[in-house]
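So you can see what is in the structure, the chains are spelled out below.
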Amino acid sequence: MTDNSSAANSSPAASSSGDVDEHGFPRRGMLYKGVAMILGAIITIIPIVPVVGMVLDPLLRKKRAVGPTGPKVDADKFIEVAKLAQLKVGEPVQMPVIADQRDFWNTFPNQAVGSVYLTLQPDGKIECFNARCPHLGCTVNFRSGDNIFYCPCHDSSFNADGTRKNDIPPRDLDPLEVKQNDDGGILVKFENFRVGVHDRTVV
Ligand code: FES
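Residues numbered from 1 in each chain as written. Predicted model: local features only at pLDDT ≥ 70, side-chain atom pairs only at ≥ 80, totals over all residues. Heavy atoms only, no water.

### So, the pattern of salt bridges
Here is the rule we go by: Any Lys or Arg side-chain nitrogen found within 4 Å of a carboxyl oxygen on Asp or Glu counts as a salt bridge. Each residue gets one of three labels from its accessible area relative to the maximum for its type: buried under 20%, exposed over 50%, partly exposed in between, using a 1.4 Å probe on protein chains only.
Going through the model one piece at a time under the given rule, you end up with five salt bridges. In this structure, the salt-bridge partner of Arg171 is Asp174, at a minimum N-O distance of 2.8 Å. Take Arg171 and Asp174: they sit in the same class, and that class is buried. Residues joined in a network through salt bridges with shared partners are Asp74, Asp76 and Lys179.

### Some remarks on the sheet that holds strand β7 (residues 148–151)
Rules: Strands are treated as partners if at least two bridges between them are detected by DSSP. Going along the chain from the N terminus, every DSSP run of H or I of four or more residues is numbered as a helix, and every run of E of two or more is numbered as a strand. For helices, the fitted line uses only the C-alpha atoms of the stretch in contact; every axis is such a line through C-alpha atoms, and the angle between N-to-C directions lies from 0 to 180 degrees.
Ordered in space as β6-β7-β8, the three strands form an open sheet in which the pairing is antiparallel. Each edge of the open sheet carries a strand with a single partner, namely β6 (141–143) and β8 (156–159). Mean inter-strand twist for the sheet, computed between neighbouring axes without regard to direction, equals 35°. As judged from the three bridges shared by β6 and β7, these two strands associate in the antiparallel manner.

### Side note on the nonpolar core
Here is a general trend for soluble globular proteins: nonpolar side chains tend to be buried in one another's company. Note the following rule: By convention a nonpolar core is built from buried Ala, Val, Leu, Ile, Met, Phe, Trp, Tyr and Cys residues, the set being connected through side-chain atoms within 4.5 Å. Residue contacts are defined here by distance: any two heavy atoms, one from each residue, within 4.5 Å place the two residues in contact.
Within the largest apolar cluster, 20 residues are counted, with the highest numbers of intra-cluster contacts made by Val81, Val116, Leu118 and Phe190. Contributions of two or more residues to this core are made by β2 (79–83), β3 (93–102), β4 (107–120), β5 (126–130) and β10 (185–188). If we ignore the near neighbours within four places in the chain, the residues touching Phe190 are Ile79, Val97, Val113, Gly114, Ser115, Val116, Asn130 and Leu176.

### Comments concerning the sheet that holds β5
Sheet strands pair via backbone hydrogen bonds, and the direction of the pair is either parallel or antiparallel. Strand order across the open sheet formed by four strands is β1-β3-β4-β5, with antiparallel pairing between neighbours. For this open sheet the edge positions go to β1 (66–69) and β5, each flanked by a neighbour on one side alone. Recorded for the sheet is a direction-independent mean angle of 50° between the axes of neighbouring strands.

### Focus on the packing of aromatic side chains
Between two aromatic rings, the relevant description is the distance of the centres plus the angle of the planes. Cut-off, in case you're wondering: Pairs were defined over the aromatic rings of Phe, Tyr and Trp, the Trp ring being its six-membered one, requiring ring centres within 6.5 Å. Orientation was assigned from the angle between planes: stacked under 30 degrees, edge-to-face over 60, tilted for the rest. Placement of a charge over a ring requires the Lys NZ or Arg CZ to be within 6 Å of the ring centre, with the centre-to-atom vector within 35 degrees of the ring normal.
Within the structure shown, the criterion is met by three aromatic pairs. With 4.9 Å between their ring centres and 65° between their planes, Tyr117 and Phe149 make a pair best called edge-to-face. Of this pair, Tyr117 sits in strand β4 while Phe149 sits in strand β7, and the two are 32 residues apart along the sequence. Like Phe149, Tyr117 is buried. Through successive ring pairs, a cluster of aromatic residues spans Tyr117, Phe129, Phe142 and Phe149. The ring of Tyr150 is capped by Arg143, whose NZ or CZ atom sits 3.8 Å from the centre of that ring. Looking at Lys179, its charged tip hangs above the ring of Phe78, at a distance of 4.3 Å from the centre.

### Some details on the side chain of Asn130
Applicable threshold: What qualifies as a polar contact is a pair of N or O atoms within 3.5 Å, subject to a donor-acceptor requirement within protein and to the restriction that residues adjacent in sequence count only when both atoms come from side chains.
On the secondary structure map, Asn130 appears in strand β5. Assessed through its relative accessible area of 2%, Asn130 is described here as buried. A polar side-chain atom of Asn130 sits 2.8 Å from the main-chain carbonyl oxygen of Glu191. For Asn130, the side chain forms a polar contact with the side chain of Asn192, separated by 3.0 Å. Those residues in contact with Asn130 that lie beyond four places of it in its chain are Ser115, Val116, Leu173, Asp174, Leu176, Phe190, Glu191 and Asn192.

### As for the pairing of β3
Here two bridges tie β1 to β3, and the two strands are oriented antiparallel to one another. Paired with Thr69 across the two strands is Asp100, which belongs to β3. Between β3 and β4, which pair antiparallel one after the other, the connecting turn spans four residues.

### Here's the deal with the layout of surface pockets
Counted only if it meets this: Cavity and pocket criteria rest on a 1 Å grid covering protein atoms alone: a 1.4 Å probe that fits but cannot get out defines a cavity, protein on both sides within 12 Å along at least 5 of 7 lines defines an open pocket, and an atom within 4 Å of a point defines a lining residue. Grid points are joined across faces, edges and corners, and a volume is the space filled by probe spheres set on the points. Here the term charged refers only to Asp, Glu, Lys and Arg, the term nonpolar to Ala, Val, Leu, Ile, Met, Phe, Trp, Tyr, Cys and Pro, and the term polar to all other amino acids, Gly among them.
Roughly 300 Å³ of volume is contained in the largest pocket. Along its surface, the largest pocket is lined by Gly67, Pro68, Lys77, Ile79, Gln101, Val113, Lys189, Phe190, Glu191, Asn192, Val202 and Val203. Of the residues assigned to the lining of the largest pocket, the class counts are six nonpolar, three polar and three charged.

What follows is the structure, given as C-alpha coordinates:
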(Lines give C-alpha, C1' and ligand atoms only; values in the text may rest on other atoms or scores of the structure.)
Protein backbone atom coordinates (compact mmCIF):
# COMPACT_ATOMS: atom_id res chain seq x y z
CA MET A 1 0.00 0.00 0.00
CA THR A 2 2.86 2.29 0.97
CA ASP A 3 4.85 1.45 -2.25
CA ASN A 4 1.95 2.26 -4.56
CA SER A 5 1.37 5.69 -3.03
CA SER A 6 5.17 6.44 -3.25
CA ALA A 7 5.34 5.66 -7.00
CA ALA A 8 2.29 7.76 -7.65
CA ASN A 9 3.82 10.69 -5.77
CA SER A 10 7.18 10.54 -7.63
CA SER A 11 5.72 10.90 -11.15
CA PRO A 12 2.06 11.72 -11.07
CA ALA A 13 1.82 13.18 -14.59
CA ALA A 14 3.61 10.28 -16.29
CA SER A 15 1.70 7.67 -14.38
CA SER A 16 -1.57 9.31 -15.10
CA SER A 17 -0.84 9.26 -18.89
CA GLY A 18 0.78 5.77 -18.87
CA ASP A 19 3.84 7.20 -20.79
CA VAL A 20 6.57 5.44 -18.75
CA ASP A 21 8.73 2.36 -19.22
CA GLU A 22 9.07 -0.50 -16.79
CA HIS A 23 11.72 1.50 -14.85
CA GLY A 24 9.50 4.51 -14.44
CA PHE A 25 11.35 6.70 -17.04
CA PRO A 26 9.21 8.68 -19.49
CA ARG A 27 9.27 6.99 -22.92
CA ARG A 28 9.93 10.30 -24.68
CA GLY A 29 13.20 10.48 -22.74
CA MET A 30 14.25 7.11 -24.15
CA LEU A 31 13.56 8.37 -27.65
CA TYR A 32 15.79 11.39 -27.05
CA LYS A 33 18.50 9.09 -25.68
CA GLY A 34 18.30 6.88 -28.78
CA VAL A 35 18.59 9.83 -31.15
CA ALA A 36 21.54 11.18 -29.16
CA MET A 37 23.31 7.80 -29.37
CA ILE A 38 22.82 7.57 -33.13
CA LEU A 39 24.10 11.11 -33.66
CA GLY A 40 27.07 10.33 -31.44
CA ALA A 41 27.88 7.23 -33.47
CA ILE A 42 27.69 9.17 -36.75
CA ILE A 43 29.95 11.92 -35.41
CA THR A 44 32.42 9.25 -34.30
CA ILE A 45 32.41 7.38 -37.63
CA ILE A 46 32.73 10.36 -39.99
CA PRO A 47 36.41 11.11 -39.19
CA ILE A 48 37.26 7.41 -39.58
CA VAL A 49 35.92 7.11 -43.14
CA PRO A 50 38.89 8.85 -44.89
CA VAL A 51 41.32 6.74 -42.88
CA VAL A 52 39.59 3.53 -43.94
CA GLY A 53 39.60 4.80 -47.53
CA MET A 54 43.36 5.36 -47.38
CA VAL A 55 43.94 1.89 -46.02
CA LEU A 56 41.77 0.24 -48.68
CA ASP A 57 42.95 2.47 -51.52
CA PRO A 58 45.54 0.06 -53.00
CA LEU A 59 42.94 -2.70 -53.17
CA LEU A 60 40.27 -0.43 -54.61
CA ARG A 61 42.75 1.01 -57.07
CA LYS A 62 43.51 -2.44 -58.42
CA LYS A 63 39.84 -3.24 -58.86
CA ARG A 64 39.08 0.07 -60.49
CA ALA A 65 42.13 0.14 -62.75
CA VAL A 66 41.15 1.00 -66.28
CA GLY A 67 42.87 -0.12 -69.46
CA PRO A 68 46.12 1.21 -70.90
CA THR A 69 46.28 4.86 -71.83
CA GLY A 70 48.93 7.19 -73.18
CA PRO A 71 50.13 8.60 -76.48
CA LYS A 72 50.78 5.15 -78.00
CA VAL A 73 47.15 4.08 -77.60
CA ASP A 74 44.66 5.10 -80.25
CA ALA A 75 40.95 5.77 -79.89
CA ASP A 76 40.14 2.09 -80.48
CA LYS A 77 42.53 1.02 -77.67
CA PHE A 78 45.12 -0.38 -80.07
CA ILE A 79 48.63 0.00 -78.63
CA GLU A 80 51.64 0.70 -80.77
CA VAL A 81 54.21 -2.04 -80.14
CA ALA A 82 56.63 -1.82 -83.08
CA LYS A 83 57.54 -0.26 -86.38
CA LEU A 84 57.12 -2.19 -89.60
CA ALA A 85 60.88 -1.97 -90.21
CA GLN A 86 61.50 -4.08 -87.09
CA LEU A 87 59.62 -7.09 -88.44
CA LYS A 88 61.02 -9.96 -90.46
CA VAL A 89 59.21 -11.95 -93.11
CA GLY A 90 58.22 -15.35 -91.79
CA GLU A 91 59.95 -14.99 -88.41
CA PRO A 92 58.06 -14.09 -85.24
CA VAL A 93 59.51 -11.13 -83.36
CA GLN A 94 58.66 -10.68 -79.70
CA MET A 95 57.71 -7.17 -78.64
CA PRO A 96 56.85 -5.85 -75.19
CA VAL A 97 53.56 -4.06 -74.80
CA ILE A 98 54.19 -0.80 -72.96
CA ALA A 99 51.47 1.60 -71.97
CA ASP A 100 50.41 3.96 -69.24
CA GLN A 101 47.90 2.61 -66.79
CA ARG A 102 45.50 4.75 -64.88
CA ASP A 103 43.06 4.54 -62.03
CA PHE A 104 40.72 7.25 -60.80
CA TRP A 105 43.52 9.23 -59.13
CA ASN A 106 46.85 8.28 -60.67
CA THR A 107 48.59 7.53 -63.93
CA PHE A 108 51.38 4.96 -63.99
CA PRO A 109 53.46 5.70 -67.10
CA ASN A 110 55.26 3.16 -69.26
CA GLN A 111 54.05 -0.01 -67.61
CA ALA A 112 54.83 -3.40 -69.16
CA VAL A 113 51.40 -4.93 -69.60
CA GLY A 114 52.48 -8.01 -71.56
CA SER A 115 54.22 -9.05 -74.75
CA VAL A 116 53.28 -10.24 -78.21
CA TYR A 117 54.79 -12.05 -81.20
CA LEU A 118 54.48 -10.31 -84.55
CA THR A 119 55.14 -12.12 -87.80
CA LEU A 120 55.27 -10.38 -91.16
CA GLN A 121 53.78 -12.71 -93.75
CA PRO A 122 55.06 -12.88 -97.35
CA ASP A 123 51.83 -11.24 -98.52
CA GLY A 124 52.45 -8.25 -96.23
CA LYS A 125 49.89 -9.18 -93.58
CA ILE A 126 50.98 -9.20 -89.97
CA GLU A 127 50.09 -12.03 -87.63
CA CYS A 128 50.07 -11.42 -83.90
CA PHE A 129 49.85 -13.73 -80.88
CA ASN A 130 49.76 -12.93 -77.21
CA ALA A 131 53.02 -14.41 -75.84
CA ARG A 132 51.19 -15.79 -72.83
CA CYS A 133 50.70 -19.55 -72.89
CA PRO A 134 46.99 -20.36 -72.66
CA HIS A 135 47.74 -23.28 -70.32
CA LEU A 136 48.87 -21.47 -67.17
CA GLY A 137 50.17 -18.17 -68.45
CA CYS A 138 53.94 -18.69 -68.87
CA THR A 139 55.62 -16.74 -71.66
CA VAL A 140 56.42 -18.82 -74.72
CA ASN A 141 59.75 -18.52 -76.57
CA PHE A 142 60.08 -18.76 -80.32
CA ARG A 143 62.71 -21.31 -81.39
CA SER A 144 63.68 -20.42 -84.91
CA GLY A 145 65.61 -23.69 -85.41
CA ASP A 146 62.50 -25.78 -84.73
CA ASN A 147 60.09 -23.11 -85.98
CA ILE A 148 57.94 -23.49 -82.86
CA PHE A 149 56.79 -21.50 -79.87
CA TYR A 150 58.11 -23.36 -76.86
CA CYS A 151 56.61 -23.14 -73.40
CA PRO A 152 59.24 -24.02 -70.80
CA CYS A 153 56.81 -24.44 -67.93
CA HIS A 154 55.38 -27.77 -69.01
CA ASP A 155 57.61 -28.67 -71.94
CA SER A 156 54.90 -27.81 -74.39
CA SER A 157 54.96 -26.20 -77.81
CA PHE A 158 52.96 -24.59 -80.60
CA ASN A 159 53.50 -24.45 -84.34
CA ALA A 160 54.52 -21.16 -85.94
CA ASP A 161 50.89 -20.57 -86.89
CA GLY A 162 49.91 -20.76 -83.20
CA THR A 163 48.30 -24.20 -83.26
CA ARG A 164 49.19 -26.38 -80.29
CA LYS A 165 51.38 -29.44 -80.80
CA ASN A 166 50.01 -31.40 -77.84
CA ASP A 167 47.05 -31.47 -75.49
CA ILE A 168 48.67 -29.78 -72.50
CA PRO A 169 47.50 -26.30 -73.48
CA PRO A 170 43.71 -26.25 -73.70
CA ARG A 171 43.75 -24.14 -76.89
CA ASP A 172 46.02 -22.60 -79.51
CA LEU A 173 47.94 -19.40 -78.89
CA ASP A 174 45.68 -16.38 -78.59
CA PRO A 175 45.64 -14.25 -81.76
CA LEU A 176 45.31 -10.48 -81.45
CA GLU A 177 44.02 -7.89 -83.89
CA VAL A 178 46.67 -5.82 -85.64
CA LYS A 179 46.65 -2.63 -87.67
CA GLN A 180 49.20 -0.19 -89.08
CA ASN A 181 49.22 3.58 -88.92
CA ASP A 182 50.55 6.06 -91.48
CA ASP A 183 53.90 6.34 -89.67
CA GLY A 184 54.70 2.66 -90.10
CA GLY A 185 53.62 1.90 -86.56
CA ILE A 186 52.22 -1.55 -85.78
CA LEU A 187 49.40 -1.46 -83.27
CA VAL A 188 47.72 -4.38 -81.54
CA LYS A 189 44.47 -4.71 -79.67
CA PHE A 190 46.16 -6.14 -76.62
CA GLU A 191 44.03 -8.47 -74.54
CA ASN A 192 44.69 -11.21 -72.03
CA PHE A 193 42.51 -14.27 -71.95
CA ARG A 194 41.58 -16.67 -69.20
CA VAL A 195 44.14 -19.45 -68.96
CA GLY A 196 43.50 -23.14 -68.47
CA VAL A 197 40.21 -23.23 -70.35
CA HIS A 198 39.26 -24.19 -73.88
CA ASP A 199 37.19 -21.13 -74.67
CA ARG A 200 38.81 -17.77 -75.23
CA THR A 201 37.48 -15.35 -72.61
CA VAL A 202 38.91 -11.86 -72.19
CA VAL A 203 39.99 -11.05 -68.64
FE1 FES B 1 52.53 -23.41 -71.01
FE2 FES B 1 51.81 -25.08 -69.10
S3 FES B 1 52.09 -22.95 -68.96
S4 FES B 1 52.24 -25.55 -71.14
